[in-house]
Amino acid sequence: MTGVVVQAPAKVNVHLGVGPLRPDGFHELRTVYLAVSLFDTVTARPGEGLALSVTGEGADVVPADRTNLVWRAAELLSAAAGVPADAELAIAKTIPAAAGLAGGSADAAAALVALDALWGTRAGREDLAVLAAQLGSDVPFSLAGGVALGAGRGERLSPVLARAQSHWVLGIAGEGLSTPAVYGELDRLRAAGRLPEGTDLAPAEPVLAALRSGVPDELAEALHNDLQAPALSLRAELGRALRAATDAGAAAALVSGSGPTVAALARDEPSAVRLAAALAGAGVFRTVRAVHGPVPGARLIG
Ligand code: C5P
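Residues numbered from 1 in each chain as written. Predicted model: local features only at pLDDT ≥ 70, side-chain atom pairs only at ≥ 80, totals over all residues. Heavy atoms only, no water.

Draft legend 1. Region of the structure containing the site of the ligand. Around the ligand, the neighbouring residues are Gly25, Phe26, His27, Leu29, Gly136, Ser137, Arg153, Thr179, Pro180 and Tyr183. Contact between the ligand and His27: an oxygen atom at 2.6 Å from a side-chain N or O atom of the residue. At 2.6 Å, a side-chain N or O of Ser137 approaches an oxygen atom of the ligand. Compared with its free state, where it exposes 450 Å², the ligand has 73% of that area covered by protein. Assessed atom by atom at 2 Å from the grid points, the ligand resides in the largest pocket. Here the shell around the ligand takes 3 residues from helix H5 (residues 179-191), the largest share from any one element. Residues of the shell around the ligand, tallied by class, amount to 4 nonpolar, 5 polar and 1 charged. (Near = heavy atom within 4 Å. Polar contact = N/O pair within 3.5 Å; in protein donor to acceptor, adjacent residues only side chain to side chain. Areas by Shrake-Rupley, 256 points an atom, 1.4 Å probe, with all protein chains shown as cover. 1 Å grid on protein atoms, 1.4 Å probe; cavity = no way out; pocket = protein on both sides within 12 Å on 5 of 7 lines; lining within 4 Å. Sits in = over half its atoms within 2 Å of the grid points. Helix = DSSP H or I, 4+ residues; strand = E, 2+ residues; numbered from the N terminus. Nonpolar A, V, L, I, M, F, W, Y, C, P; charged D, E, K, R; others polar.)

Next comes the structure, spelled out in structure tokens:
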């Protein structure tokens, strides 16, 4: 076998309700994940020991060593399956790093699928999902793709019905934001009484109903992200980026996950193309991408 190629998608949280900090350092979540058409690929080839390379969008800030989630995915699968951790791994990125799009989680999910095929471990999707949850809260969703409700720290998934594709423009602004820093800022704002405590998790029902109906304006109305206020508190210029998106005709705009990516919802595909062109010229985003979702999770493409 010369090698296997797996692609895995970015995600947007169309609903992200965050509860109080748990004793284990994570927050209880009620989230709705949507996989969108921006993909990283991981190629796995036979090798001796592990080797890793990273190319593409943001490759300069992604470590190509054992601290990379892909490396940890390889060690975890090798230990679980009882096979030697021998592979040459290459990550080709189009999902920006530290952007709130789960790029690192996509890479880890892709690595699990690629190495399962390369090593012939024949782990089922269920087995891979258990390993994925050990790697990170978002990794099980990157594996599953589509659209799903996430509970626990985000890793406990249940299926969600989406009647239609939705069309988005992702605006990536400035430097990356650290996920723990954004959660920490939420805790700080809550402790200072500047945000509600979060003991009542924001319900996902409005966004689930909007996805079932498939009407973009209903989805626009229902979008919710508890991490948006702390992301804005750490990065004030995100407010301008959100306004730029709605001024340019987005049905709604919100911060994706822990940010700093702005996810602008368009009413249809032609509107998304126009919105992307307007936002590319607005001077507030480093990169602008028109995407759609739901799309499948990590899967073999070669
Ligand atoms: O699970 P993952 O490694 O992606 O989480 C990164 C960090 O984000 C955690 O260490 C924690 O600080 C924060 N986090 C959280 N609650 C979650 C998920 C992540 O506080 N449900």
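Draft legend 2. Seen up close, helix H2 (residues 103-119). The first and last C-alpha atoms of H2 sit 24 Å apart over 17 residues, in line with the 24 Å expected at 1.5 Å per residue. By the criterion of burial, H2 is predominantly enclosed, with 15 of the 17 residues buried. One or two residues past the end of H2 sits Gly120, with phi positive at roughly 60 degrees. (Expected span 1.5 Å × (residues − 1). Buried < 20%, exposed > 50% of the residue type's maximum accessible area, 1.4 Å probe, protein only.)

Draft legend 3. Quick peek at the layout of surface pockets. Here the largest pocket defines a volume of roughly 1,100 Å³. The set of elements that each furnish at least two residues to the lining of the largest pocket consists of strand S1 (4-21), strand S2 (27-45), helix H1 (69-81), H2 and H5. Top element by residues in the lining of the largest pocket is H2. It accounts for 4 residues. A per-class count over the lining of the largest pocket returns 19 nonpolar, 15 polar and 6 charged. Split by domain, the lining of the largest pocket shows at least three residues from each of two domains, domain 1 (4-160) and domain 2 (166-293). Space inside the second largest pocket adds up to approximately 230 Å³. Taken together, 13 residues make up the lining of the second largest pocket; nearest its centre are Glu126, Ala129, Pro140, Ala144 and Leu157. For the lining of the second largest pocket, the elements supplying multiple residues, two or more each, are helix H3 (125-135), helix H4 (139-144) and strand S6 (156-159). The element that contributes the greatest number of residues to the lining of the second largest pocket is H3, accounting for 4 residues. (Points joined across faces, edges and corners; volume = space filled by probe spheres on them. Domains from an automatic or database assignment.)

Draft legend 4. Geometry of the sheet that holds strand S9 (residues 252-255). The strand order S9-S10-S7-S11 describes an open sheet built from 4 strands, whose pairing is antiparallel. Edge strands, defined here as strands with exactly one partner in the open sheet, are S9 and strand S11 (287-293). Between one strand axis and the next, the sheet turns through 25 degrees on average, direction left out of account. Direction of pairing for strand S7 (residues 166-172) relative to S11: antiparallel, over a ladder of 7 bridges. By the bridge assignment for S11, Ile172 is matched with Thr287. Helix H9 (residues 238-247) rests against S9 and strand S10 (262-266) of the sheet, and its axis sits at about 155 degrees to S9. Relative to the sheet, helix H10 (residues 269-280) contacts S7, S10 and S11, its axis offset from that of S7 by approximately 10 degrees. (Pairing = 2+ DSSP bridges. Axes fitted to C-alpha atoms, helices over the stretch in contact; angles between N-to-C directions. Contact = heavy atoms within 4.5 Å.)

Draft legend 5. Broad picture of the nonpolar core. In terms of nonpolar packing, the biggest core is built from 68 residues, with Val14, Val32, Leu89, Leu115 and Trp168 touching the most fellow members. Considering each element in turn, this core owes the most residues, 11 residues, to H2. Mapped onto the domain boundaries, this core takes at least three residues apiece from domain 1 (4-160) and domain 2 (166-293). If we skip the residues at most four places from it in the chain, Val14 touches Val32, Leu34, Trp168, Val207, Leu211, Leu223, His224 and Leu254. Val18, Leu29, Ala231 and Val262 belong to the second largest nonpolar core, which has 29 residues in total. (Core = buried A, V, L, I, M, F, W, Y, C linked by side-chain atoms within 4.5 Å.)

Draft legend 6. Here's a closer look at the pattern of salt bridges. Taken as a whole, this structure holds 9 salt bridges when the rule is applied. For Arg286, the salt bridge goes to Glu57, with nearest N and O atoms at 3.3 Å. Residue Arg286 is located in the loop between H10 and S11, and its partner Glu57 is located in the loop between strand S3 (50-56) and H1; the two are separated by 229 residues in the primary sequence. Shared partners join several salt bridges into a network, and the residues in it are Arg22, Asp24 and Glu28. (Salt bridge = Lys/Arg side-chain N within 4 Å of Asp/Glu carboxyl O.)

Draft legend 7. Region of the structure containing the packing of aromatic side chains. If you walk through the whole model with that rule in mind, you get 1 aromatic pair. In this structure, Arg153 packs its charged tip against the face of Phe26, placed 5.0 Å from the ring centre. (Phe/Tyr/Trp six-rings, centres within 6.5 Å; stacked < 30°, edge-to-face > 60°. Lys NZ or Arg CZ within 6 Å of the ring centre and 35° of its normal.)

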